[in-house]
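The primary structure of each chain is shown beneath.
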Amino acid sequence: MHPTGSHPGLLVSIEGVNGVGKDYLLQRARPRLTRPSRTITEFSARMRSTGTPGLSQQILHAMARAADGDHFLRGGAPRSETLLLLAVKTHDYESALPHLLDGATVVEGRSLHSTAVYQSLILEPADPLPTARRLLGLGARWRPLPDTTVLVTDDLNAALARAEQRDGKIFTPEERTLHRRAEELFRELADGDDRIRVLDRRLLAPGEAAALMAQWIDRAAARKAAGATAVPRPRGASDADEQVSS
C-alpha cells in the first residue's frame, strides 16, 4: 500500500451546505484548470445514479433504504452510520489513488469534512465541534484529509431554495435548522486551518467565483508538485481580496 498522502497529485474537496453551488462552480472551474483532473461525485449524485452500483453506492443505497427518505440518512443507528460514511470516503480515496500517483488533481464533491460536520450534529447536537474534530482525526487514520478544501458559502435561504427547486423537496423546519448549524460548524472548522479556503458567493459573480476556485486549485497543485507546503495567510485576510481574471 502506498503511504497515504505521499502522492504527487493534489486531493481537493469542495464543501458547503446544500444549494450553495458546489457542483455548478466546479463545472465552470474545471475548464480553467491547467492540470489533468478527476472528480469524485458527492453522495447525493451517486444515490441518483442508475448505473451498476459499486461498493460505495451499495453502502449509500442501503443507508438510504434504512433511513426511509430522511434527507440526512438518519436510520436510527448514528454511530454505525457515521462509520459507514467514513468507510465510503476511505473507499473513494483508494479508488482515486492511482490517479493521484500519476500526478492528477482529484476533486471530491464533499469529503471528510461533510461527514464530520453533519454526523457530529447528529451525534452530539449540544456541542458538535469537538466531535467533528475527532471524526476528522478518525477518518485521517485511514486516508488523508484533502490537501486543500474550498468551502463554498452563500446566503443560506437562497442556497436552500436552490436545493429545494433542484430536488423537488421542501426542507422541514428541523432540516433547515440542521443546515444552518452545519454552515456555522463548517466555518468553525475553517477558522485557523490554512488548508481551507472560503469562497463566499455573495461577494463574487459566478464567473469570478469559478475563476477563483480554479486559481486556488492550480496554485495548490503547483505547490504539491514542487513538494512545498502551503504558506499560511495572515489572519483576517479575505479570500475575495485575491486577484481574479475571468
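To be clear, the structure that these remarks concern was listed above.
Residues numbered from 1 in each chain as written. Predicted model: local features only at pLDDT ≥ 70, side-chain atom pairs only at ≥ 80, totals over all residues. Heavy atoms only, no water.

**Student:** Pulling in residues and values, what's your account of the packing of helix 5 (residues 112-123) against helix 6 (residues 128-140)?
**Tutor:** The description of two helices packed together rests on the angle between their axes and the distance between the axes. The interhelical angle for the contact between helix 5 and helix 6, taken along N-to-C directions, is 140 degrees, at an axis separation of 8 Å. Here helix 5 is positioned oblique relative to helix 6, judged by the angle of their axes. In this structure, the crossing between helix 5 and helix 6 has a hand that is right-handed. Contacts between helix 5 and helix 6 involve Leu112, His113, Thr115, Ala116, Gln119, Ser120, Leu121 and Leu123 on the former and, on the latter, Pro128, Thr131, Ala132, Leu135, Leu136, Gly139 and Ala140. (Axes fitted to C-alpha atoms, helices over the stretch in contact; angles between N-to-C directions. Helix = DSSP H or I, 4+ residues; strand = E, 2+ residues; numbered from the N terminus. Parallel < 35°, antiparallel > 145°, perpendicular 65-115°, else oblique. Left-handed = near helix turned anticlockwise from the far one by under 90°. Contact = heavy atoms within 4.5 Å.)

**Student:** For the sheet that holds strand 1 (residues 11-15), give the residues involved together with the corresponding values.
**Tutor:** Spatial strand order, 2-3-1-4-5: five strands in an open sheet with parallel pairing. At either margin of the open sheet sits one strand with a lone partner, and together these are strand 2 (37-40) and strand 5 (196-200). Direction aside, neighbouring strands of the sheet carry axes that sit 20 degrees apart on average. Sheet topology note: the strand 2/strand 3 (residues 105-109) ladder contains four bridges and is parallel. When the sheet's bridge partners are listed, Thr39 is paired in strand 3 with Val107. Along the sheet, helix 1 (residues 22-29) contacts strand 1, strand 2, strand 3, strand 4 (148-153) and strand 5; its crossing angle with strand 1, the most-contacted strand, is approximately 135 degrees. Against the sheet, helix 8 (residues 173-190) touches strand 1, strand 4 and strand 5, its axis set at about 135 degrees to strand 5. (Pairing = 2+ DSSP bridges.)

**Student:** How would you summarise the nonpolar core if you had to cite specific residues and measurements?
**Tutor:** Grouped together as the largest cluster of nonpolar side chains are 49 residues, with contacts concentrated most on Ile14, Val117, Leu199 and Met213. Sequence-distant contacts of Met213, that is, excluding residues within four places in its chain, are made with Ile14, Leu25, Leu26, Ala29, Val150, Val152 and Leu199. Counting seven residues, the second largest nonpolar core, distinct from the first, contains Leu11, Ile40, Ala96 and Leu97. (Core = buried A, V, L, I, M, F, W, Y, C linked by side-chain atoms within 4.5 Å. Buried < 20%, exposed > 50% of the residue type's maximum accessible area, 1.4 Å probe, protein only.)

**Student:** Report on the side chain of Ser37, specifying residues and quantitative values.
**Tutor:** As for its placement among the helices and strands, Ser37 is situated in strand 2. Among the residues examined, Ser37 registers a relative accessible area of 16% and is labelled buried. Here Ser37 is in contact with Arg30 and Thr105, once residues within four sequence places are set aside.

**Student:** How would you explain the pairing of strand 3 if you had to name every residue and give the values?
**Tutor:** Counted residue by residue, strand 3 has five buried out of five residues, so it is predominantly covered. Residues Thr105, Val107 and Gly109 of strand 3 are buried on one face, and the alternating residues Val106 and Glu108, pointing to the opposite face, are buried as well. Relative to strand 3, strand 1 runs parallel, the two sharing four bridges. Note on strand 3: the bridge partner recorded for Val12 is Val107.

**Student:** Any chance you could break down the environment of Val106 for me, citing the residues and the numbers?
**Tutor:** By the secondary structure assignment, Val106 is in strand 3. Residue Val106 is classed as buried on the basis of its relative accessible area, which comes to 1%. Each C-alpha atom, one on Val106 and one on Ser37, is 5.6 Å from the other, the two residues being 69 residues apart in sequence. Setting aside residues up to four positions removed in sequence, Val106 forms contacts with Leu10, Leu11, Val12, Arg38, Ile40, Ala96, His99 and Leu100.

**Student:** Residues and numbers for the packing of aromatic side chains, please.
**Tutor:** One pass over the structure, following the stated rule, counts two aromatic pairs. With a centroid separation of 6.3 Å and 80 degrees between ring planes, the pair formed by Tyr118 and Phe186 is classed as edge-to-face. Residue Tyr118 is located in helix 5, and its partner Phe186 is located in helix 8; the two are separated by 68 residues in the primary sequence. On the basis of relative accessible area, Tyr118 is assigned to the buried category, the value being 9%. Judged by its relative accessible area of 5%, Phe186 is buried. Site record: aromatic cluster; members linked through ring pairs are Phe72, Tyr118 and Phe186. (Phe/Tyr/Trp six-rings, centres within 6.5 Å; stacked < 30°, edge-to-face > 60°.)

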